[in-house]
Amino acid sequence: MQSLRKIASRARTQTRVALFGNNHSLKVNMRYAAYEEAARRSWKARNKPTTEQLAAANHCKADGFVALPPPAGMTAERLQAIKQVVDRRFEEQNNGYVVNYGMHRLIDGLELIPEIIDFIDDDMENIIENYYGSHFKIFAVSFYRTLPTPEKPDSSFLWHLDNCPKQEIKLMVYLDDVVADTGALSVKDKQFSVGLRKEGFFDRRRINQFVDRLDDTSSTRVLEGPIGTRLLFENGGCIHKATSPKHGHRDVVTFVLI
């Protein structure tokens, strides 16, 4: 039988998720909302967005994600050079810090590979600013390597929503050629995700009543792409999961934006 403390904690979580879409306090969510409002008031676009940039921003707002090609100035030779540096750095760290079974993080990745910032070029800046309606800042940068996980999936490999305020989104860049068999990100669109969250989906370990719909391939987008593919998505608004590669590995860099 659950203790009163556990029952109260679960009720508090359900209330917060219903109100904010995350399990942070009212104070934290209001602070982010105030920051968002201030950022929008002070925004002055530096360039007029192109039709394509506005379309990408609107697509991300509507569906919760958008897949974009590498920066126009990122040649095939440069992409391969970056991949080689990433491979070497992971090798030097014996695949890096173990985040969870099958997923590793490169320690001090941005300091070791500062040129990775070039994936946020002027085109991507305009897309993100027009998505937000404000300027933005990079909150964190992390390199991850996903390896085959023959045992039961855990953590990031389960369908989930990130527990973050809605002002936080992610830009993920594939640093390998990625298909379903090599670890492509699986995602549900915003409409589907909001509907399931209203029904009570939040805790990735309490999904028995949602399993059939989550595993339904007709509502799942598997975001495949060649090296340099950029995925802008609402990590707290779209249900998603990492996919264990069947062979090889999948390297990505993730920019947390607010």
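This part covers the pairing of strand E5 (residues 169–174). Counting buried residues along E5, six of its six residues qualify, which places the element largely inside the surrounding structure. Covered by surrounding structure in E5 are Ile169, Leu171 and Val173 together with Lys170, Met172 and Tyr174, the residues of both alternating faces. Pairing between E5 and strand E8 (residues 230–233): four bridges, direction antiparallel. Residue lysine 170 lies in a different strand from E8, and its bridge partner there is phenylalanine 233.

Bringing the nonpolar core into the picture now. The tendency in soluble globular proteins is for nonpolar side chains to be buried side by side. Formed by 33 residues in total, the largest nonpolar core has its most connected members in Ile116, Phe143, Leu232, Phe255 and Leu257. Residues in contact with leucine 232, not counting those within four places in the same chain, are Cys60, Gly64, Phe65, Val66, Ile127, Ile128, Ile169, Lys170, Leu171 and Leu257. Of all hydrophobic cores here, the second largest spans twelve residues; its members include Met172, Tyr174, Cys238 and Val252.

Okay, unusual backbone geometry next. Even without glycine at this site, asparagine 94 takes up a positive phi of about 55°. Note on placement: asparagine 94 falls in the loop between helix H4 (76–92) and strand E2 (97–100). Of the residues examined, asparagine 94 reaches a relative accessible area of 65% and is grouped as exposed. With phi around 55°, aspartate 108 is a residue other than glycine that occupies positive phi space. With respect to the secondary-structure elements, aspartate 108 resides in the loop between strand E3 (103–105) and helix H5 (109–112).

In space, the three strands of this open sheet follow the order E7-E6-E9, with antiparallel pairing throughout. Looking at strand neighbours, the two that pair on one side only are strand E7 (221–223) and strand E9 (240–241), the edges of this open sheet.

What follows concerns the packing of aromatic side chains. Summed over the entire model, instances satisfying the criterion amount to two aromatic pairs. Taking 5.2 Å as the distance between ring centres and 70° as the angle between the ring planes, the aromatic pair formed by tyrosine 131 and tyrosine 132 counts as edge-to-face. As far as burial versus exposure is concerned, tyrosine 131 and tyrosine 132 are alike and both buried. The ring centre of tryptophan 159 lies 4.9 Å from the NZ or CZ of lysine 188, which sits over that ring.

To continue, consider the pairing of strand E10 (residues 250–257). Counting buried residues in E10 gives eight out of eight residues, a clear majority hidden from the surface. Side chains Arg250, Val252, Thr254 and Val256 project from E10 onto one buried face, and the interleaved Asp251, Val253, Phe255 and Leu257 project onto a second face that is buried too. In this structure, strand E4 (residues 138–146) lies alongside E10, joined through eight bridges in antiparallel fashion. Residue pairing in the sheet places tyrosine 144 in a bridge with valine 252 of E10. In terms of strand pairing, E5 meets E10 through six bridges, oriented antiparallel.

Mapping threonine 254 onto the fold places it in strand E10. A residue is classified by how much of its surface remains accessible, and threonine 254, at 5% relative accessible area, is buried. Excluding anything up to four places from it in sequence, threonine 254 contacts Ala140, Val141, Ser142, Tyr144, Lys170, Leu171 and Met172.

Okay, the environment of phenylalanine 139 next. Here phenylalanine 139 shows up in strand E4. The exposure class assigned to phenylalanine 139 is exposed, which follows from its relative accessible area of 51%. For the pair phenylalanine 139 and glutamate 168, spaced 29 residues apart in sequence, the C-alpha separation works out to 8.8 Å. The contact partners of phenylalanine 139, leaving out residues within four places of it in the chain, are Val256 and Ile258.

Moving on, we get to the sheet that holds strand E1 (residues 65–68). Judged by pairing direction, the sheet is antiparallel, and its seven strands sit side by side in the order E1-E8-E5-E10-E4-E3-E2 without closing on themselves. Pairing within the sheet leaves two strands with one partner each, and these edge strands are E1 and E2. Neighbour-to-neighbour, the strand axes of this sheet turn through a mean angle of 25°, independent of strand direction. H4 contacts E3, E4 and E10 of the sheet and is inclined by roughly 75° relative to E4. Set on the sheet, helix H6 (residues 122–132) makes contact with E1, E5, E8 and E10; between it and E8 the angle comes to about 10°.

Cut-offs applied
Residues numbered from 1 in each chain as written. Predicted model: local features only at pLDDT ≥ 70, side-chain atom pairs only at ≥ 80, totals over all residues. Heavy atoms only, no water. Buried < 20%, exposed > 50% of the residue type's maximum accessible area, 1.4 Å probe, protein only. Helix = DSSP H or I, 4+ residues; strand = E, 2+ residues; numbered from the N terminus. Pairing = 2+ DSSP bridges. Core = buried A, V, L, I, M, F, W, Y, C linked by side-chain atoms within 4.5 Å. Contact = heavy atoms within 4.5 Å. Phe/Tyr/Trp six-rings, centres within 6.5 Å; stacked < 30°, edge-to-face > 60°. Lys NZ or Arg CZ within 6 Å of the ring centre and 35° of its normal. Axes fitted to C-alpha atoms, helices over the stretch in contact; angles between N-to-C directions.

All we've got here are geometric facts, nothing functional implied.
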